[in-house]
Amino acid sequence: MSEDQEKQAHASPPKATSTMAPTMPDGALPPKPLPPAPPVPPVPVLMRPRVPPKSAIVPLPASVLPAAVAAGLVTAFVMPDDPGAGWFVAGLAFAVAVYFADKRARGDAEPHFRLVNALWAAAALGLLAVGMFRASVWLNVLCVLAAFVAGSLAVVGKRTVNTIVYDVFAVPIEALLSIPWVGRGLRKLGKKQEGRTRPRFLVPVLASALLLLVFVPLLRGADAAFASVVDAVIPELNPGTFVRWGFLFVVAAFAVTGACYLLAAPPLPADDDAPRKRLAHRLEWTLPLGVLVLLFTSFVVVRLVVLFGGTEYLLATSGLTAAEYARSGFWQLSAITVLTLLLVAAALRWAPKTSVADRAWQRGLLGSLSVLSLVLVASALNRMWTYQQAYGFTVLRLLVEVCELWIGLIFVLVLVSLVPLRSAWLPRAAIGAAVAALLGLAVLDPERFIADRNIDRLAHGKTLDTTYLSRFSADVVPSADRLPEPLRSCVLGPVVRGIPEDDWREWNLSRSLARQTPVTAKDGIGCRYLTRP
């Protein structure tokens, strides 16, 4: 081979066989593929590394314990048995203690409390302030329960990744979880105090308390006027009083520590755009809701026929009086609206809305269902109003009417949420609507409103159930004061004579005005009674 041919052979591209795997010797078999690795078994739960609890990671700020003690002492001293000013003072002490403890712990960091927190806190304090103006026990119980919910939402602030149930009960939940947190903080505080001298304020505080315990009883016994002032400020001391003070102190103190524990390590805020598991097929939810829309439409058409047919058509078709017809359908319509609201909430949660068609179906069906449900709400309210006009007003009937109005407002909020198809804000908006309804009910003065409506029925020749009105609180006094005798004394006698004396913690405007109302003693002579159906 010449030199040029040798160079050309080296410059030529390699053969196809050069890219293949090396050839095996004659008679040798290719190696067997390795078997797949066996799956790694999961680590048992008891052998997994232990995650330290939040109470071991988050340090206890120095401002928490003084705030909890201060709020506990104020609550134990000012909390009354009956509705009064003490409830508002206790709520204000809790709000101030949590705010300043959190502010002191954060220092120069970004504050947690913003406008939404302030609105919920104002709502909670407004609900607690009802006890200063309205004496109705059932109204104040509802307002206090709603105030606890609003106060918890005030501490939480923005929505969290947890459910609305957690946000509503966040403070009591975190109060229980904060017990080891407080215990670890006290142990660390005790270790820091070893070898140090006692605080400078400890001896003066103990000396001042001892002097008060010695000289206040002596001065009380020396002058009757000073004794009355002391009795008005300090409640009667007995073993039951100290047990009650201890219970209230523990509840209020741990409520503050729970709120501070939540603020020290708050849960993550919720993401409105977080992916959710939704139904796969449109037919799974459009068919049931479509059937329900057709059913509601047929009911509304029948109601329109009855409306235009008049009372004669109603009596001829149902065989009932107008009042009996109203009573027979109210509770069914109320149950229907509640169940429909649950279905709408489920559809908003699980119905798909990725495509334009899905969103159109969701707006159309849920919008139609909400509008028809509003018609049902109006029908239920009309039935209850008709029934009350026939048989009188009661607390229960007024409350269910308020609940129906609240449900109707929720359906309006649902219609608003269908415009952007965002419903994450609906649960809190529903709670806010309930708080507004309670505050509106307190402004209405429900017991006085009920008494006025029942007294107005006397002008139409109907009887008055004085026994029922005499069981009301002092809120009924302005209405019953315009009754003719002996009905006036029949109502006001049990009400005014049953009002106890209040100290400053139990001060209430209705009870204060009712004590100034003169009442003639009556033993039931001349009182007309009517048994409510």
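Model, not experiment: these values are computed from the prediction. (Residues numbered from 1 in each chain as written. Predicted model: local features only at pLDDT ≥ 70, side-chain atom pairs only at ≥ 80, totals over all residues. Heavy atoms only, no water.)

A. Broad picture of the confidence of the model for the protein chain. Per-residue pLDDT for the protein chain averages 79, and the proportion of residues at 70 or more is 79%. The lowest-confidence element of the protein chain is helix 1 (residues 3-11), averaging 46 in pLDDT; the highest-confidence one is helix 6 (residues 137-156), averaging 94. The low-confidence segment residues 1-22, where pLDDT is below 50, has one contact with residues more than four positions distant or belonging to other chains. Between residues 529-533, whose pLDDT stays under 50, and residues either more than four places distant or in other chains, the model counts 14 contacts. (pLDDT = per-residue confidence, 0-100. Helix = DSSP H or I, 4+ residues; strand = E, 2+ residues; numbered from the N terminus. Contact = heavy atoms within 4.5 Å.)

B. Quick peek at the side chain of Glu447. You can see Glu447 is positioned in helix 17 (residues 446-456). No salt bridge is formed by the buried Glu447. Its closest oppositely charged neighbour is Arg134, at 9.1 Å. A distance of 3.1 Å separates a polar atom in the side chain of Glu447 from a polar atom in the side chain of Ser136. Looking at Glu447, its side chain comes within polar contact range of the side chain of Trp138, at 3.0 Å. Not counting residues up to four positions away in its chain, the partners in contact with Glu447 are Ser136, Trp138, Phe472, Ser473, Asp475 and Val476. (Buried < 20%, exposed > 50% of the residue type's maximum accessible area, 1.4 Å probe, protein only. Lys, Arg positive; Asp, Glu negative; His and termini not counted. Salt bridge = Lys/Arg side-chain N within 4 Å of Asp/Glu carboxyl O. Polar contact = N/O pair within 3.5 Å; in protein donor to acceptor, adjacent residues only side chain to side chain.)

C. Molecular detail of the packing of helix 5 (residues 115-128) against helix 6. At a minimum axis separation of 8 Å, helix 5 and helix 6 run at an interaxial angle of 160°. Looking at the two axes, helix 5 sits roughly antiparallel to helix 6. When you trace helix 5 past helix 6, the crossing you get is left-handed. Residues Asn117, Trp120, Ala121, Ala124, Leu127 and Leu128 of helix 5 form the contact with helix 6, whose own contacting residues are Cys143, Val144, Ala146, Ala147, Ala150, Gly151, Leu153, Ala154, Val155 and Val156. Each residue belonging to the contact of helix 5 with helix 6 can be placed in one class, and the counts come to 14 nonpolar, two polar and no charged. (Axes fitted to C-alpha atoms, helices over the stretch in contact; angles between N-to-C directions. Parallel < 35°, antiparallel > 145°, perpendicular 65-115°, else oblique. Left-handed = near helix turned anticlockwise from the far one by under 90°. Nonpolar A, V, L, I, M, F, W, Y, C, P; charged D, E, K, R; others polar.)

D. Region of the structure containing the nonpolar core. Grouped together as the largest cluster of nonpolar side chains are 44 residues, with contacts concentrated most on Trp120, Leu127, Leu469, Phe472 and Leu483. Of all the secondary structure elements, the ones that give two or more residues to this core are helix 5, helix 6, helix 15 (395-417), helix 16 (426-444), helix 17, helix 18 (466-469), helix 19 (477-480) and helix 20 (487-497). With eight residues, helix 6 is the single largest residue contributor to this core. Grouped together as the second largest cluster of nonpolar side chains are 27 residues, Leu292, Ala347, Ala351 and Ile407 included. (Core = buried A, V, L, I, M, F, W, Y, C linked by side-chain atoms within 4.5 Å.)

E. Local environment of unusual backbone geometry. A cis amide bond, omega 5°, links Glu485 with the succeeding residue Pro486. Counting through the fold element by element, Pro486 comes out in the loop between helix 19 and helix 20. For Leu421, which is not a glycine, the phi torsion comes out positive at approximately 55°. With respect to the helices, strands and loops of the structure, Leu421 is situated in the loop between helix 15 and helix 16. Its relative accessible area of 6% is what places Leu421 among the buried residues.

F. Geometry of the packing of aromatic side chains. Overall, the coordinates contain nine aromatic pairs when judged by the stated rule. Centroid distance Phe242 to Trp245: 5.7 Å. Interplanar angle 80°. Geometry classified as edge-to-face. Taken together, the residues span about one helical turn, with Phe242 and Trp245 both in helix 11 (residues 239-264) at a distance of three residues. On the basis of relative accessible area, Trp245 is assigned to the buried category, the value being 19%. Taking the centre distance of 5.0 Å and the plane angle of 70° together, the rings of Tyr468 and Phe472 count as edge-to-face. (Phe/Tyr/Trp six-rings, centres within 6.5 Å; stacked < 30°, edge-to-face > 60°.)

G. How the structure looks around the pattern of salt bridges. Summed over the entire model, instances satisfying the criterion amount to 10 salt bridges. Between Asp102 and Arg106 there is a salt bridge, and its shortest N-O distance comes to 2.9 Å. Placement of both Asp102 and Arg106 in helix 4 (residues 85-106) is noted, with a separation of four residues, approximately one turn of the helix. Judged by relative accessible area, Asp102 falls into the buried class, the value being 8%. Of the charged contacts, one joins Asp503 and Arg505 as a salt bridge, the two residues approaching to 2.9 Å between their closest N and O atoms. The same class applies to Asp503 and to Arg505, which are both buried. One network of salt bridges, with partners in common, ties together Asp452, Arg453, Asp456 and Arg482.

H. Local environment of helix 16. Here helix 16 contains 19 residues, and its C-alpha end-to-end distance of 26 Å stays within 8% of the 27 Å for a straight helix at 1.5 Å per residue. Turning to helix 16, its buried residues are Leu426, Arg428, Ala430, Ile431, Ala433, Val435, Leu438, Leu441 and Ala442. Of the residues trailing helix 16, Asp445 is marked for its positive phi of about 65°. (Expected span 1.5 Å × (residues − 1).)

I. Focus on a nonpolar patch on the surface. Nonpolar side chains collect at one region of the surface, where Leu210, Leu211, Leu213, Val214, Phe215, Leu218, Leu219 and Phe226 lie side by side and expose about 800 Å² of accessible area between them. Along the chain, Leu219 turns up in helix 9 (residues 202-222). (Patch = residues over 30% accessible without salt bridge, like charges linked within 9 Å, V, L, I, M, F, W, Y side chains within 5 Å. Areas by Shrake-Rupley, 256 points an atom, 1.4 Å probe, with all protein chains shown as cover.)

J. Structural view of the side chain of Asp475. Within the secondary structure, Asp475 sits in the loop between helix 18 and helix 19. As a buried residue without a salt bridge, Asp475 has its nearest oppositely charged side chain in Arg134, at a separation of 5.3 Å. A polar contact of 2.6 Å, which involves the side chain of Asp475, links it to the side chain of Ser510. Apart from residues lying up to four places away in sequence, Asp475 is in contact with Phe133, Arg134, Ala135, Ser136, Asp445, Glu447, Arg448 and Ser510.

K. Representation of helix 14 (residues 356-391). Under the 1.5 Å per step criterion, the end-to-end length of helix 14 is 52 Å for 36 residues, consistent within 8% with the ideal 52 Å. Positioned one or two residues after helix 14, Gly392 has a phi angle of 105°, which is positive.

L. Summary view of the packing of helix 14 against helix 15. Direction vectors running N to C along helix 14 and helix 15 enclose 165°, while the axes themselves pass 9 Å from each other. In terms of orientation, helix 14 and helix 15 fall into the roughly antiparallel class. When the axes of helix 14 and helix 15 are compared, the crossing they make is left-handed. Residues that form the contact of helix 14 with helix 15 fall into these classes: 16 nonpolar, five polar and three charged.

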